[in-house]
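Coordinate analysis (summary)
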Amino acid sequence: MPTATSVRSLPVKLLFDNRIVINNHLKRARGGKVSFTHLIGYALVRALKDVPDMNVGYEEVDGKPNLVRPAHVNLGLAIDMAKDDGSRQLLVPAIKAAEQMDFAQFWTAYEDVVRRARDNKLQISDFQGISISLTNPGTIGTNHSVPRLMNGQGAIIGVGSMEYPPEFQGASAETISRNAISKLLTLTSTYDHRVIQGALSGEFLRRMHQLLLGEDGFYDDVFAALRIPYEPIRWAADISATHDDEVSKQARILELIHAYRVRGHMMADTDPLEYRQRSHPDLEVETHGLTLWDLDREFATGEFGGQRRFMKMRSILGILRDSYCRTTGIEYMHIQDPEQRRWIQERVEQPHQKPPREEQLRILLKLNQAEAFETFLQTKFVGQKRFSLEGGETTVPLIDEICEAAAEAELDEVTIGMAHRGRLNVLANIVGKSYGQIFREFEGNIDPRTVQGSGDVKYHLGAEGEFTAEDGDTIKVSVAANPSHLEAVDPVLEGIARAKQDVLNQGEKFPVLPVLVHGDAAFAGQGVVAETLNLSQLRGYRTGGTVHVIVNNQVGFTTSPAHSRSSLYCTDVARMVQAPIFHVNGDDPEACIRVARLAFEYRQAFNKDVVIDLVCYRRRGHNEGDDPSYTQPLMYDLIEQKRSVRKLYTESLIGRGDITLEEAEEVLKNYQQQLERVFTEVREATSAPSEWTTVPDYPEKVHDEDDTAISQETLKRIADAYVSAPDGFTVHPKVLPQLQRRSAAITEGPIDWGTGEILALGSLLMDGRPVRLAGQDTRRGTFVSRFATIIDRQTADEWTPLSNLSEDQAQFYVYDSLLSEYAALGFEYGYSVARPDALVAWEAQFGDFVNGAQTVIDEFISSSASKWGQRSGVVLLLPHGFEGQGADHSSARIERFLSLAGDKAMVVAQPSTPASYFHLLRRHSLGADHKPMVVFTPKSMLKRKEAASRPEDFLEGTTFKKVASDRTVDEEKVTTLLLCSGRVTWDLMVERGKREGDEPVTAISRVEQLYPEPVEELQAELARFPNLRHVRWVQDEPANNGPAPHFRLNVFPELDHEVEVVSRPASSSPAVGTHSRHVEEQKKLVAAAFGG
Ligand SMILES: Cc1ncc(C[n+]2csc(CCOP(=O)(O)OP(=O)(O)O)c2C)c(N)n1
Ligand SMILES: [Mg+2]
């Protein structure tokens, strides 16, 4: 046979470098190794696409020469086999139809053929139809060879050894890298001259050369096929370097390091759904004027290398990619504190270490549990809403790890707030709520204790349990109840956590760990998230850092991220509190565990919030009745193909050789056992449960007698406290006389509103009741009325007189809050839930602004007892009053609270004197009820003389009166009874004085408690006056506002007299804008109260 051979040499540095990247990646991912021959063989197949005429054979048909063109590339592989008798044998089986394969398929087929050759499993067909083959004598050092062609074959490509050119074989590594010397590879093409021309063979080798130097995206395709998330190394000429260039190159290396730290996350492979080769200009070496020739050169690393002052660029890049671009992307360079950045770098910029086997097995077990539970629910409760966690099962091992870490650190409790997604799974597999009980809730059993209430759907209920860590440590874990309103539970949970910490009173140890689990769309969209984050470092609100876990399934109901946020990540809002943010691929559970541990440790080290963005997907619809392919067709095509994380993780552990096949089978068996366990437990538990949990165990309120009066000594003590500034404290000269006046007034009168309130708080503190009071500008008081904390004129030091009342007094916590209503009120609600012995009050700056917290009011304050049996005694102080300040500084919307009032679930009150307010607060705190209370508090009335109280109004014999009777009139003479509440009282009193002088025929009685409605007290009040002709309800508010609408329906029909309502006309805006119009209206209103 006439043959000839073409020979071509090429540099293989790029091949070497990319192979290192590939194998590093495989080691971390699915295991396995790619050889040079795999890559060269694949280049051969690719080259045939461009030079198809090389894929031919020679055959004689009927004695005539014939050119054969096979339909496929059947690539023969020369495999040298040692036989049992010691002789050698060359086998050349084929990879069939290799041109149809991507690199991953080619690699698999290659290994398959080799394995079958070794195992003696090759068939005749494996040897048929070969027109071109590959032989690699280079592996034994042969420089190049001229192999013998077999019949029918057109060509054999030989791969020679890869060596430095002979003249450099004695050079030092340093010389080699400095001079940009590559090893060379010699390729030979030995061909059948009857069907292939020499030029064609040469052309073919040139093509292979080009491909192996990365042309036409050769390595890009290889990387894509192996799902390597970043770009391959590129071929480039070395950039010759003068001394100056060297210095600037060094600077560029440091820039590159910085770029990876800041933006490495842009390239990280965090999306389990869709493989994308990601890049960012700042992360490409070319941008920094660097090439592959620099990979083996050493550079100073600055603080990056720790002890290693110089490193090869290859190592630097390796660490940077390992640290910042694998399946975890980290955002932390926005943190201003260098210590915190260094803390993260020290832990992250480390060579990868895989977790110990026990850890790997625990992860698998947790994934088993998580998936088994979902599978059970999916099988047993087809179509029922449960908000499955499928696609995001790693959430369970991740939270498990946080609890482990908390248990090891001997914290007191992990308290979790979370929405619907995966909640049942967390309750079962983290909190330990029994499958049986969850099942019975599905069956619709109702807790007999909540029959009075309305109850709630299963995925809103809370629970409490004990979590046991791997080494036997235990810790309390609870999940708070929450409404459907996404993220509303965030501030509530923080309040709960803070209350628990205040009770434990361990200062900066923060022994209760709050964990908030969010959805991606909600975290980005709901403003309360930002508000809650903003609480996190404030003295009045901090909880020592919250771990936020976002179950980022990349969709919110039917809405894709592109429509649900303008920010790059759903977590961007957390950057504002300089929280580190870990984006982690949910299909890499080991990375998730590592991140969970790191997040916890960061929280412990710095007592700050930290965010884990667990990127996953949602296997099913939003809920179980929803078909997601209507709106996310492409995404769901991908999801359908996806194997569960449990399966993927098991496979990669086997692939990497971390567990054996037998162990994998054990794990699979365990999975089946888990599944059976759920089924059996549920089958066996059909009776009604003995224990119901709708909320975690919060303490019961301890109550005293309802004696709200106080002693002269207590008055005196508080009076003294207000004039006993600490030594050397300079009270502001304008404040001093006000304090002195307050002190004198306490014992001598008249007592104004602010002082009455101070007396209530002070006396409760002396009774052993902690008091927490927070609101905007609350310490001084918006209306300069409170002076709870006084600021030193010289030093700005703080002095809180009520903290110095007695040795054994309870603690007084008084805070100026952030400018929030929603989160601020949610926090106080939660605080009161977990600490019922404390008087917890939140003050609105003006009551009008409370509607910013409407969600908290509707979903927690008014209804939590009825839905979940969860009680709070939070007090809302809402300045309210029509005083001509316009539409938005007049009304706290009494009507709205009354429309929510039912089941006696809360108290709504509008006291008209400081003493009445004082008794109301004390009754609320000391009494048995643990219910929310809404108090409409005054503005102008704060200082109004008629409305002041006397010291004796606080002393023995006094108490809170739901209806304050008019005791100034002769009952026989009264023909008109005016019923009113709050500020208008005093306008009416003045007017009566003017109109009726000393012999009034009009009585004015004040309704101090609006709800529960004081019907009996009102009946008794009416009965006092035998000659009544008119009973009028008088209110400042328009007819559709204020108490009137509610009273018309619920109170007036119970009275023995017709009640006429005197009010402003119904109006869509609560109050008029111009003062003069207000005055006009007020005049009319008061006149109408007296019959015109
Ligand atoms: C405040 C509020 N607005 C709207 C809804 C209705 N809703 C329920 S779930 C959901 C999508 C939530 O998406 P995401 O936060 O990503 O959580 P996922 O369901 O994907 O886990 C919406 C809009 C709600 N529950 N609460
Ligand atoms: Mg989502």
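Because the structure is a prediction, the values reported are computed rather than measured.

1. Considerations on the overall build of the protein
Helix and strand content of the protein: 33 helices and 34 strands. Against the compact-globule benchmark of 31 Å for 1092 residues, the protein has a radius of gyration of 40 Å, which places it well outside the compact range. Seen along its three principal axes, the alpha-carbon backbone of the protein occupies a region of about 140 × 70 × 55 Å. Within the protein, the proportion of its 1092 residues that are buried is 59%. Counting only contacts in the protein whose residues sit at least 6 apart along the sequence, the fraction spanning at least 24 positions is 78%. Accessible surface for the protein amounts to roughly 44500 Å². Of this, 48% is attributable to carbon and sulfur atoms. Averaging the coordinates of the 121 positive side-chain charges in the protein and doing the same for the 155 negative ones gives two points 3 Å apart.

2. Digging into the pattern of salt bridges
Scanning the entire structure with this criterion turns up 80 salt bridges. The partner of D400 in a salt bridge is K366, with the nearest N and O atoms 3.6 Å apart. Pair noted here: D400 is in helix α11 (residues 395–408) and K366 is in helix α10 (residues 357–380), with a separation of 34 residues, a long-range link. Across the pair E895 and R893 runs a salt bridge, and its minimum N-O distance is 3.3 Å. For E895, a relative accessible area of 14% translates into the label buried.

3. Some remarks on the coordination of the magnesium ion (ligand 2)
Coordination of the magnesium ion (ligand 2) by the protein comes from D520 (OD), N553 (OD1) and V555 (O), over a distance range of 2.0 to 2.1 Å. Donor residues for the magnesium ion (ligand 2), ordered by position in the chain, follow D-x32-N-x1-V. With D520 in helix α15 (residues 520–525) and N553 in the loop between β18 (547–552) and α17 (561–564), this residue pair connects regions lying 33 residues apart in the sequence. Residue N553 is classed as buried on the basis of its relative accessible area of 5%.

4. Some details on the site of ligand 1
Around ligand 1, the structure places 15 residues, and the nearest of them are H420, R421, D520, A522 and V555. Within the side chain of R421, an N or O atom sits 2.8 Å from an oxygen atom of ligand 1. Between A521 and ligand 1, the recorded distance is 2.9 Å, taken from a backbone N or O atom to an oxygen atom. For ligand 1, the accessible surface in isolation is 590 Å², of which the surrounding protein chains cover 74%. The greatest single-element share of the shell around ligand 1, amounting to three residues, is contributed by α15. Of the residues in the shell around ligand 1, the class split is five nonpolar, eight polar and two charged.

5. Examining the pairing of strand β14 (residues 413–418)
Within a regular beta strand, the side chains point alternately toward one face of the sheet and then the other, so they alternate between its two faces. Extensive coverage of β14 is indicated by the burial of six of its six residues. The alternating pattern of β14 places E413, T415 and G417 and V414, I416 and M418 on opposite faces, both of which are buried. The pairing of β14 with strand β16 (residues 474–479) spans four bridges and is classified as parallel. Within β16, the residue paired with I416 across the bridge is V479. Bridge count for β14 against strand β17 (residues 512–519) is six bridges, and the pairing is parallel. Paired with M418 across the bridge in β17 is V517.

6. Remarks on the packing of helix α22 (residues 712–721) against helix α24 (residues 753–766)
Axis separation between α22 and α24 bottoms out at 10 Å; the angle between their running directions is 110°. On the basis of their axis angle, the class for α22 and α24 is roughly perpendicular. For the pair formed by α22 and α24, the contact residues are T714, L715, R717 and I718 on the first element and I758, L759, G762, S763 and M766 on the second.

7. Structural notes on helix α9 (residues 338–348)
Along α9, the residues classified as buried are Q340, W343, I344, Q345 and V348. Taken together, the buried residues of α9 touch α7 (243–263), α8 (313–324), β13 (328–331) and α18 (589–606). Two or three places before E339, at the start of α9, stands the capping residue D337, its side-chain oxygen 3.1 Å from that residue's backbone nitrogen.

8. Points about the packing of aromatic side chains
Counted according to the given criterion, the structure contains 24 aromatic pairs. Plain terms: the ring middles of W1033 and F1047 are 5.0 Å apart, the flat faces sit at 40° to each other, and that makes the pair tilted. Placement of the pair is W1033 in strand β33 (residues 1030–1038) and F1047 in helix α32 (residues 1044–1050), with a sequence separation of 14 residues. A relative accessible area of 0% places F1047 in the buried class. For the pair W1033 and F1052, a centre-to-centre distance of 6.1 Å together with 50° between the ring planes defines the contact as tilted. In this pair, W1033 is assigned in strand β33 and F1052 in the loop between α32 and β34 (1059–1064), connecting sequence segments 19 residues apart. What makes W1033 buried here is its relative accessible area of 1%. Pairwise contacts between aromatic rings join Y42, F103, F106, Y110, F218 and Y219 into one cluster. The aromatic ring of F36 is capped on one face by R19, whose charged end is 4.3 Å from the ring centroid. Taking the ring centre of Y671 as reference, the NZ or CZ of R646 above it sits at 3.6 Å.

9. Describing the sheet that holds strand β30 (residues 976–980)
Ordered in space as β29-β31-β30-β33-β34, the five strands form an open sheet in which the pairing is mixed. Strands at the two margins of the open sheet, each flanked by one partner only, are β29 (963–964) and β34. Where β29 lies against strand β31 (residues 1002–1007), two bridges are found, and the strand directions are antiparallel. Note that in β31 the partner of A964 across the bridge is R1006. Packing of helix α30 (residues 984–996) onto the sheet brings it into contact with β30, β31 and β33, and relative to β31 it is tilted by some 175°. Along the sheet, helix α33 (residues 1075–1089) contacts β30, β33 and β34; its crossing angle with β34, the most-contacted strand, is approximately 170°.

10. What about α8?
It helps to recall that an α-helix has 3.6 residues per turn; residues three or four apart then point in one direction. Here α8 is twelve residues long and its end C-alpha atoms lie 16 Å apart, about the 16 Å a rise of 1.5 Å per residue gives. Every buried residue of α8 is listed here: M313, I316, L317, I319, L320, R321, S323 and Y324. Buried residues in α8 make contact with α1 (13–28), α7, β11 (298–300), β12 (310–312), β13 and α9.

11. Re unusual backbone geometry
Backbone torsion omega between G749 and P750 reads -10°, so that peptide bond is classified as cis. Examined against the element boundaries, P750 turns out to sit in the loop between α23 (736–748) and α24. A cis amide bond links Y1011 to the next residue, P1012, at an omega of -10°. Positionally, P1012 belongs in the loop between β32 (1009–1011) and α31 (1015–1023). Its identity as a non-glycine residue notwithstanding, Q578 has a phi of 55°, on the positive side. With respect to the helices and strands, the residue Q578 is situated in the loop between α17 and β19 (581–585). Phi at K904 takes a positive value of approximately 50°, unusual for a residue other than glycine. Checked against the element boundaries, K904 lands in the loop between α28 (894–900) and β27 (907–909).

12. A look at the side chain of D792
Here D792 shows up in the loop between β22 (790–791) and β23 (798–799). One buried charged residue, D792, remains without a salt bridge, the closest side chain of opposite sign being R793 at 7.6 Å. In this structure the side chain of D792 is engaged in a polar contact, spanning 2.9 Å, whose partner is the backbone nitrogen of T730. In this structure the side chain of D792 is engaged in a polar contact, spanning 3.0 Å, whose partner is the backbone nitrogen of T795.

The rules behind these values
- Residues numbered from 1 in each chain as written.
- Chains lettered and ligands numbered in written order.
- Predicted model: local features only at pLDDT ≥ 70, side-chain atom pairs only at ≥ 80, totals over all residues.
- Heavy atoms only, no water.
- Helix = DSSP H or I, 4+ residues; strand = E, 2+ residues; numbered from the N terminus.
- Rg over C-alpha atoms; globule rule 2.2 N^0.38 Å.
- Buried < 20%, exposed > 50% of the residue type's maximum accessible area, 1.4 Å probe, protein only.
- Contact = heavy atoms within 4.5 Å.
- Areas by Shrake-Rupley, 256 points an atom, 1.4 Å probe, with all protein chains shown as cover.
- Lys, Arg positive; Asp, Glu negative; His and termini not counted.
- Charge placed at Lys NZ, Arg CZ, Asp CG, Glu CD.
- Salt bridge = Lys/Arg side-chain N within 4 Å of Asp/Glu carboxyl O.
- Donors = N, O, S within 2.8 Å, 3.2 Å for Na, K, Ca; no water.
- Near = heavy atom within 4 Å.
- Polar contact = N/O pair within 3.5 Å; in protein donor to acceptor, adjacent residues only side chain to side chain.
- Nonpolar A, V, L, I, M, F, W, Y, C, P; charged D, E, K, R; others polar.
- Pairing = 2+ DSSP bridges.
- Axes fitted to C-alpha atoms, helices over the stretch in contact; angles between N-to-C directions.
- Parallel < 35°, antiparallel > 145°, perpendicular 65-115°, else oblique.
- Phe/Tyr/Trp six-rings, centres within 6.5 Å; stacked < 30°, edge-to-face > 60°.
- Lys NZ or Arg CZ within 6 Å of the ring centre and 35° of its normal.
- Expected span 1.5 Å × (residues − 1).

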